[in-house]
2 protein chains.
Amino acid sequence: MQSVTIGRYLWQRLRQLNVKYVFGVPGDFNLQLLEQLDEVDGIEFVGTCNELNAAYAADGYARTNGIAALLTTYGVGDLSALCGVAGSLAEHIPVVMISGVPPMFAIRNRLRIHHTMAEGDFDNVRNAVRQFTLTEARLTPSNASQEIDRALRYCWQERCPVYLQIPSNLSYLEIAQASSPLTRQYASYDKRQHQLIIGKLTGRLCQAKHPLLLVDMDAERSQMAIQLQQLCDRYQIPYASFSTGKAILDESSPLWLGYYPGQTDDTLNQYLAKADFILATAPCYIEGSSMVATQDLPVEETIYLRGFDITFEQQTFEGICAPVLLNQLLEQSIECQFDIPKQPPQTRSSTSFEGPLQQSKLWEQLRHYFKAGDLILGENGSANIALQTVPFPKDCHYLSQPIWGSIGYTLPALLGSMMAAPNKRHWLFIGDGSLQMTVQELSNILQKGLKPIIVMLNNSGYTIERYIMGKSATYNDIPQWDYHLLLKAFAPDIEFTYQNVTTHQQLSEVLDALDETKASFIELKLSAMDAPERLKQFGPSVALFDYGPRGPQNK
Amino acid sequence: MQSVTIGRYLWQRLRQLNVKYVFGVPGDFNLQLLEQLDEVDGIEFVGTCNELNAAYAADGYARTNGIAALLTTYGVGDLSALCGVAGSLAEHIPVVMISGVPPMFAIRNRLRIHHTMAEGDFDNVRNAVRQFTLTEARLTPSNASQEIDRALRYCWQERCPVYLQIPSNLSYLEIAQASSPLTRQYASYDKRQHQLIIGKLTGRLCQAKHPLLLVDMDAERSQMAIQLQQLCDRYQIPYASFSTGKAILDESSPLWLGYYPGQTDDTLNQYLAKADFILATAPCYIEGSSMVATQDLPVEETIYLRGFDITFEQQTFEGICAPVLLNQLLEQSIECQFDIPKQPPQTRSSTSFEGPLQQSKLWEQLRHYFKAGDLILGENGSANIALQTVPFPKDCHYLSQPIWGSIGYTLPALLGSMMAAPNKRHWLFIGDGSLQMTVQELSNILQKGLKPIIVMLNNSGYTIERYIMGKSATYNDIPQWDYHLLLKAFAPDIEFTYQNVTTHQQLSEVLDALDETKASFIELKLSAMDAPERLKQFGPSVALFDYGPRGPQNK
Ligand SMILES: Cc1ncc(C[n+]2csc(CCOP(=O)(O)OP(=O)(O)O)c2C)c(N)n1
Ligand SMILES: Cc1ncc(C[n+]2csc(CCOP(=O)(O)OP(=O)(O)O)c2C)c(N)n1
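Residues numbered from 1 in each chain as written. Chains lettered and ligands numbered in written order. Predicted model: local features only at pLDDT ≥ 70, side-chain atom pairs only at ≥ 80, totals over all residues. Heavy atoms only, no water.

An unreviewed UniProt entry lists chain A under the name Indolepyruvate decarboxylase, with Celerinatantimonas diazotrophica given as the organism. UniProt, in its Sequence similarities (unreviewed entry) section for chain A, records the words "Belongs to the TPP enzyme family." (UniProt positions renumbered as here; feature names shortened; annotations may be inferred.)

S.K.: Before we move on, can you summarise the UniProt feature "domain: Thiamine pyrophosphate enzyme central" (unreviewed entry) in chain A with the specific residues and values?
M.R.: UniProt's entry tags residues 200-280 of chain A with the feature "domain: Thiamine pyrophosphate enzyme central" (unreviewed entry), counted in the numbering of this structure. This span, residues 200-280 of chain A, is 38% helix and 22% strand, and a straight line between its end C-alpha atoms measures 15 Å. (Helix = DSSP H or I, 4+ residues; strand = E, 2+ residues; numbered from the N terminus.)

S.K.: Explain the site of ligand 2 to me, and be specific about the residues and the numbers.
M.R.: Within the structure, ligand 2 sits among 22 residues, and A:Glu51, B:Ser382, B:Gly405, B:Gly433 and B:Ser434 are positioned closest to it. Residues within reach of ligand 2 are spread across chains A and B. Here an oxygen atom of ligand 2 sits 2.8 Å away from a polar atom, N or O, in the main chain of B:Gly433. Within the complex, 97% of the 600 Å² of free accessible area of ligand 2 lies under protein. Secondary structure elements with two or more residues in the shell around ligand 2: α16 (432-438) and α18 (463-468) of chain B. Among the residues making up the shell around ligand 2, the classes are represented as 6 nonpolar, 13 polar and 3 charged. (Near = heavy atom within 4 Å. Polar contact = N/O pair within 3.5 Å; in protein donor to acceptor, adjacent residues only side chain to side chain. Areas by Shrake-Rupley, 256 points an atom, 1.4 Å probe, with all protein chains shown as cover. Nonpolar A, V, L, I, M, F, W, Y, C, P; charged D, E, K, R; others polar.)

S.K.: Break down helix α11 (residues 267-274) of chain B for me, citing the residues and quoting the values.
M.R.: Where α11(B) is concerned, the buried positions are B:Thr267, B:Leu268, B:Tyr271 and B:Leu272. The buried residues of α11(B) occupy an angular sector of 130° when the element is viewed end-on, so they sit on one face. (Buried < 20%, exposed > 50% of the residue type's maximum accessible area, 1.4 Å probe, protein only. Arc of directions from axis to C-beta.)

S.K.: Please set out unusual backbone geometry residue by residue, giving values where relevant.
M.R.: Here the amide bond leading from A:Tyr260 into A:Pro261 is cis, since omega sits at 5°, within 30 degrees of zero. As for its position among the elements, A:Pro261 is in the loop between β11 (256-260) and α11 (267-274).

S.K.: For the UniProt feature "binding site: Mg(2+)" (unreviewed entry) in chain A, give the residues involved together with the corresponding values.
M.R.: Residue and element names in this part refer to chain A. Mapped onto this numbering, the UniProt entry annotates "binding site: Mg(2+)" (unreviewed entry) at Asp432, Asn459 and Gly461. On the basis of their most widely separated C-alpha atoms, the annotated residues across 30 residues gather in one place, lying no more than 7.0 Å apart. Note on placement: Asp432 falls in helix α16 (residues 432-438). Assessed through its relative accessible area of 1%, Asp432 is described here as buried.

S.K.: Describe the interface of chain A and chain B, and please don't skip the residues or the numbers.
M.R.: In this complex, chain A contributes 94 residues to the contact, which on the side of chain B involves 94 residues. Considering only the side of chain A, the residues that lose the most area to chain B are A:Met117, A:Trp404 and A:Tyr475, jointly responsible for 9% of the buried surface there. In this structure, the connection of chain A to chain B is made through 2 salt bridges. A salt bridge links A:Lys555 to B:Glu35; the shortest N-O distance between them is 3.9 Å. Counting the contacts that link chain A with chain B gives 27 residue pairs in polar contact (both at pLDDT 80 or more). Per-element accounting of the side of chain A that touches chain B gives the leading share, 8 residues, to helix α4 (residues 76-90) of chain A. (Contact = heavy atoms within 4.5 Å. Buried area = accessible area lost by both parts, 1.4 Å probe. Salt bridge = Lys/Arg side-chain N within 4 Å of Asp/Glu carboxyl O.)

S.K.: Let's hear about the site of ligand 1: which residues, and what values?
M.R.: Around ligand 1, the surrounding shell holds 22 residues, and the nearest of these are A:Ser382, A:Gly405, A:Gly433, A:Ser434 and B:Glu51. For ligand 1, whose free accessible area comes to 600 Å², the fraction covered by protein is 96%. For the shell around ligand 1, the secondary structure elements donating two or more residues are α16 and α18 (463-468) of chain A. Tallied by class, residues from the shell around ligand 1 come to 6 nonpolar, 13 polar and 3 charged.

S.K.: Describe the pattern of salt bridges, and please don't skip the residues or the numbers.
M.R.: Inspection of the entire model under this criterion finds 42 salt bridges over all chains. One salt-bridge network, held together by shared partners, links A:Asp59, A:Arg63, A:Glu91 and A:Arg221.

S.K.: Describe the relation of the copies chain A and chain B, listing the residues and the values that go with them.
M.R.: If you rotate chain A by 180° and push it 0.0 Å along the axis, it lands on chain B with an RMSD of 0.0 Å. What the superposition gives is, in effect, a two-fold axis relating one chain to the other. For chain A, the smallest separation between a C-alpha atom and the rotation axis is recorded for A:Ala128, amounting to 2.1 Å. (Least-squares fit on C-alpha atoms with pLDDT ≥ 70 in both.)

S.K.: Describe in detail the pairing of strand β10 (residues 239-242) of chain A, supporting the description with residues and values.
M.R.: Residue and element names in this part refer to chain A. Sheet topology places strand β9 (residues 211-215) next to β10; 3 bridges connect them, and they run parallel. Within β10, the residue paired with Val215 across the bridge is Ser241. Relative to β11, β10 runs parallel, the two sharing 3 bridges. For Ser241, the partnering residue across the bridge sits in β11 and is Tyr259. (Pairing = 2+ DSSP bridges.)

S.K.: Report on the domain arrangement of chain A, specifying residues and quantitative values.
M.R.: Residue and element names in this part refer to chain A. Once the domains are mapped, chain A shows domain 1 (3-176), domain 2 (191-330) and domain 3 (359-547). Put simply, the middle of domain 1 and the middle of domain 2, counted by C-alpha atoms, are 36 Å apart. With 8 residues of domain 1 in contact, the opposing surface of domain 2 contributes 5 residues. Counting across the interface, domain 1 meets domain 2 through 1 salt bridge. Of the charged contacts in the structure, one is a salt bridge between Arg221 and Glu91, with a shortest N-O distance of 3.7 Å. At the junction of domain 1 and domain 2, the tally comes to 2 residue pairs in polar contact (both at pLDDT 80 or more). By residue number, the principal contributor to the side of domain 1 that touches domain 2 is helix α7 (residues 144-158), which donates 3 residues. Residues of the side of domain 1 that touches domain 2, tallied by class, amount to 2 nonpolar, 2 polar and 4 charged. (Domains from an automatic or database assignment.)

S.K.: Report on the sheet that holds strand β19 (residues 453-458) of chain B, specifying residues and quantitative values.
M.R.: Residues and elements named next belong to chain B. With parallel pairing, the 6 strands of this open sheet are ordered in space as β17-β16-β18-β19-β21-β20. The strands lining the two open edges of the sheet, one partner per strand, are β17 (397-399) and β20 (496-501). Strand-to-strand, the axes of this sheet are offset by a mean angle of 15°, without reference to chain direction. Sheet topology note: the β20/strand β21 (residues 519-525) ladder contains 6 bridges and is parallel. Residue pairing for β21: Tyr498 is matched across the bridge by Phe521. (Axes fitted to C-alpha atoms, helices over the stretch in contact; angles between N-to-C directions.)

S.K.: Residue-level account of the confidence of the model for chain A, with values.
M.R.: Here chain A shows a mean pLDDT of 95. Residues at 70 or above account for 97%. Note that pLDDT drops below 50 for residues 288-292 of chain A; the model gives that stretch 15 contacts with residues more than four away or on any other chain. (pLDDT = per-residue confidence, 0-100.)

S.K.: So what's going on with the pairing of strand β2 (residues 21-24) of chain B? Residues and values would help.
M.R.: Residues and elements named next belong to chain B. Strand direction decides the pairing type here: β2 and strand β3 (residues 44-47), joined by 4 bridges, are parallel. When the bridges of β3 are listed, Tyr21 appears paired with Glu44. At this point the chain moves from β2, through helix α2 (residues 31-39), to the parallel β3, and the crossover so formed is right-handed. Looking at chain direction, β2 and strand β4 (residues 68-73) are connected through 3 bridges and run parallel. Note on β4: the bridge partner recorded for Phe23 is Leu70. (Right-handed = clockwise from strand over helix to strand, strands pointing away.)

S.K.: Which residues make up the packing of aromatic side chains, and what are the values?
M.R.: Inspection of every chain in the model, using the stated rule, returns 36 aromatic pairs over all chains. Seen in terms of ring centroids, A:Phe545 and B:Phe105 are 5.2 Å apart; in terms of plane orientation they differ by 75°. Their pairing is edge-to-face. Placement of the pair is A:Phe545 in helix α21 (residues 533-547) and B:Phe105 in helix α5 (residues 104-108), with the two residues belonging to separate chains. Classification of B:Phe105 by relative accessible area gives partly exposed; the value is 30%. Ring-pair connections join several aromatic residues into one group, and the members of that group are A:Trp363, A:Phe370, A:Phe392, A:Tyr398, A:Trp427 and A:Phe429. In this arrangement the basic side chain of A:Arg159 is found over the ring face of A:Trp156, its NZ or CZ atom lying 4.5 Å from the centre. Lying over the aromatic face of B:Phe392, B:Lys246 brings its terminal NZ or CZ to 3.8 Å of the ring centre. (Phe/Tyr/Trp six-rings, centres within 6.5 Å; stacked < 30°, edge-to-face > 60°. Lys NZ or Arg CZ within 6 Å of the ring centre and 35° of its normal.)

S.K.: Got a sec to walk through the side chain of A:Thr281? Specific residues and values, please.
M.R.: Residue and element names in this part refer to chain A. On the secondary structure map, Thr281 appears in strand β12 (residues 277-281). With relative accessibility at 0%, the residue Thr281 sits in the buried group. Of the polar contacts made by the side chain of Thr281, one reaches the backbone nitrogen of Asp216; its length is 3.0 Å. With residues near it in sequence (within four places) discarded, Thr281 still touches Leu213, Leu214, Val215, Asp216, Ala219, Met224, Leu228 and Leu305.

S.K.: Can you lay out the sheet that holds strand β3 (residues 44-47) of chain A for me, pointing to particular residues and giving the numbers?
M.R.: Two strands in a sheet stick together by hydrogen bonds in their backbones, pointing the same way (parallel) or opposite ways (antiparallel). All names here are of chain A. As summarised here, the arrangement of the 6 strands in space is β3-β2-β4-β5-β7-β6, forming an open sheet in which the pairing is parallel. Each having just a single partner strand, β3 and β6 (136-138) make up the two edges of the open sheet. Adjacent strand axes in the sheet meet at a mean angle of 25°, parallel and antiparallel pairs treated alike. Of the pairings in the sheet, the one linking strand β4 (residues 68-73) to strand β5 (residues 95-101) comprises 6 bridges and is parallel in character. When the bridges of β5 are listed, Leu71 appears paired with Ile98. Across the sheet, α4 is in contact with β4, β5 and β7 (162-167); its angle to β4 comes to roughly 155°.

S.K.: Hey, could you go over the packing of helix α10 (residues 225-235) of chain B against helix α12 (residues 322-331) of chain B for me, with residue numbers and the actual values?
M.R.: All names here are of chain B. Packing of α10 against α12 leaves a shortest axis separation of 9 Å and a crossing angle of 25°. In this view, α10 runs roughly parallel relative to α12, as classed from their interaxial angle. Remark: the crossing between α10 and α12 carries left-handed chirality. Between α10 and α12, the contacting residues are Gln227, Leu228, Gln230, Leu231 and Arg234 on the first element and Pro323, Leu326, Asn327, Leu329 and Leu330 on the second. Its residues assigned to classes, the contact of α10 with α12 shows 6 nonpolar, 3 polar and 1 charged. (Parallel < 35°, antiparallel > 145°, perpendicular 65-115°, else oblique. Left-handed = near helix turned anticlockwise from the far one by under 90°.)

Structure follows, in structure tokens:
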């Protein structure tokens, strides 16, 4: 039996799951793991400017690559990264968080060590991280192979972050080499349950006249997106998406009816009124993004499909694995035919893109520049609120963080996603308030030669907040920067294009002449109270929800 | 009885403890608290670029002001700040962390809310923060006044962070106004215990021939520094400090014997060998900073004084309040007289400050520019390691984070400390690796018109780590920036001076001509493997401690 060091074992297992980059920051308790990373082929370290940025980058990498790894040093690194890891849990993104921790004898003897409270407690960090990971383990030579495999499988199958602590003096000790590689395997399921459910689903579908698929973010996270698209295409089933489930299915198809809940009496709502089979994928219904409640969907007609269970008429069946179930469903040949509702002809908008930039026209103008296959990131703030209802061309992906909503997330996530798919064209839309949080990561993005199109909305501060409270309060202001100089400072030797845009005409010119051989940074000057219509409605309703009727008035 | 809203009550209580600035980042769950902050006189909000920076700034403010407040928004804000708050706990810095959290009905009904896992769990954030705060509470109208007062007193008296969650829909509800202001009161103590201990201390001191005070960081944190200095001055007691207790007592006094453990057979060690009364203030003995173990101090002769207890010959007496105890001790008139050991005459070093910059000369050169009353911040890395043994002039303060050691801390801490004492001259010494972590806070420092002297050690990456592991490994490299442009970008309208220094001569010229009417940024170009002597020794010993004999070799 061959043996291998614990550190190498870990990196090899991650490589087998197709992790090619590990994001993180070095520290004395993880340097030995970095040395071991250098020894394993096909997997590399990507140092970021700080650990929060590393966690966001890992999350972005996981979304595009399928799974990611994050490396921190004990305490200071773990806690700095925690907000990002919690985001991965909230959004169901598989990230393996690996922490190099003090040597085992220091833990056992409760030594007063740096990066701790110097009181001998080595559980507090673990207790904190445990709140935001699906499972965790402190490795020892006796448990290492089993815990690593368990955590990685969990991470992959349940689409959630997991946490491994590796005492620094153990990672060079040897354990048995694994007998077979780890693979991206689906979770186990109960076969009879699947048969039963396929029977139910095909039965219901055959009887249906007006079926509808309603898709939310979990469809992608649970790896059902491809199958759902195939299902809709094959049987011509119309579909719609929650704004939080944006761009998971093809928004250029005639089957696509728009965003749920949609406008009163639009095609979607008319169709919904007569729908007799609604397959909904794990809708989240959070007040923050959709302001929708489940009770709006008819109980009898709606089937809720999640990663590991499905609910018909309020009865839930466990023991399934949704992507496998859908594959099996696709192997059936179901006899059915449906009418697709006619959509009003897409009147190419007659908006004239002239005059000073305004969000009411901005997004309509921008969307014509998106191409099939683009990957588009929308930061929380006016960018995400606007993009959530801008239809994308075929095969575009949308990357945002609607549930956790930690601003600054998308810039490092851009780094991560581009490392996973450098040949995909990436757009990032981000406000000045969000950009400041994690701005230094621009240096890694540019210095690695990545070529994103970054569109920055400079509206002098936190516009989304101004619509909630403090319209003209100074607490919603932020320091104004010279972004052109900033880019030069962060990447002195890199060629990129920077454009400062104040009118719609200028924007057309800039986008028409986009040079994709370089990174582009387009700064849009917007007035502080200019916002998408959805945000103008969203603000006051959030204020009422949050502060109640005796709360402050927004002056 | 007058009534007041919960939010106002909180801000008023903090103002009574002399908190004039609240550091943080707005978010929808705390905007109502920001509105209320505007209504209270003499206390203002200082927005930082992100929450980690806010936590570090609050810590810096607390160190210079005595106590601080930090305002975050639920989940995303709390967790982003957590590493900074944990640092405050590790280092015993009183920071009141206030989080605006979702409305009470959302918590009670477990609604699926943004900034949560959208699964109805509102305890996970609290559980995580609880690990790193002394006490915490979720406010309701029924407990608010009592919990606010309790938390604030704890924070002040025990010198540790505390955590308050305020549901967003409650802060405008009214509670009874407090009948008397909150004051910076010492903790209670047992009077007889104090008498007993004063008896023991004076008795022991009278009998002593060679007393020594040995001071560590807790002396300052427990507010005993002034009294200890007075005690030493009054009775001419020689003193020394741990490197982690640097600059708490006057390092320019003839009573000062240097840093413990010192060099073999120096004045300190010679004196220690005959010392018959050693008063040591809560030494931390962490491997990371001092590599010293308690067992080196003689058991019989050593008295350990902490904030709330004191140990004589391994017997511990509880129920004391150290600063009060010392005040009472100072009221005694003790008959005693001691010989102060003669120190070898300070041979003004004959180093010639010429040639390319080298750390072996750098700190000796710099120290002659420090003036009485300066506040000096030393970031972890070569800066702190070097500064820990550079004696300072009278009344200088040193601000560093030796236990928690989270790099990037000092830049926002500089903002906080300068907000507390804008008229004190502040120096910051920081490496390029640390600066990148929190660099955007430069914009607030400059745009607020603060005038620090920032000395940045540009040695192309993580030099301290290179001495531990990965001498020439790429994981210890960082992206190189143009720092001059960076400053211009972060503060387009502010005048400051930037200097790029490569030789000792240049450094003298720059420091001789320092213009204190502007902020200064001095970039020192150092080679990657240039380091203070202490670091060269420290690196390999950390590697052995962390990785053990089978660990990697540093090539
Ligand atoms: C880490 C974190 N801190 C604070 C918040 C609260 N917050 C939500 S949106 C927002 C402002 C975003 O401003 P900007 O990026 O400029 O977008 P705009 O709405 O102005 O386009 C803030 C501060 C948050 N979501 N996450
Ligand atoms: C938040 C955090 N991440 C990682 C570390 C590990 N660490 C300790 S010192 C150091 C390098 C500091 O480099 P620099 O500031 O350039 O100082 P130098 O030693 O080069 O002077 C690192 C990465 C840490 N202490 N804190």
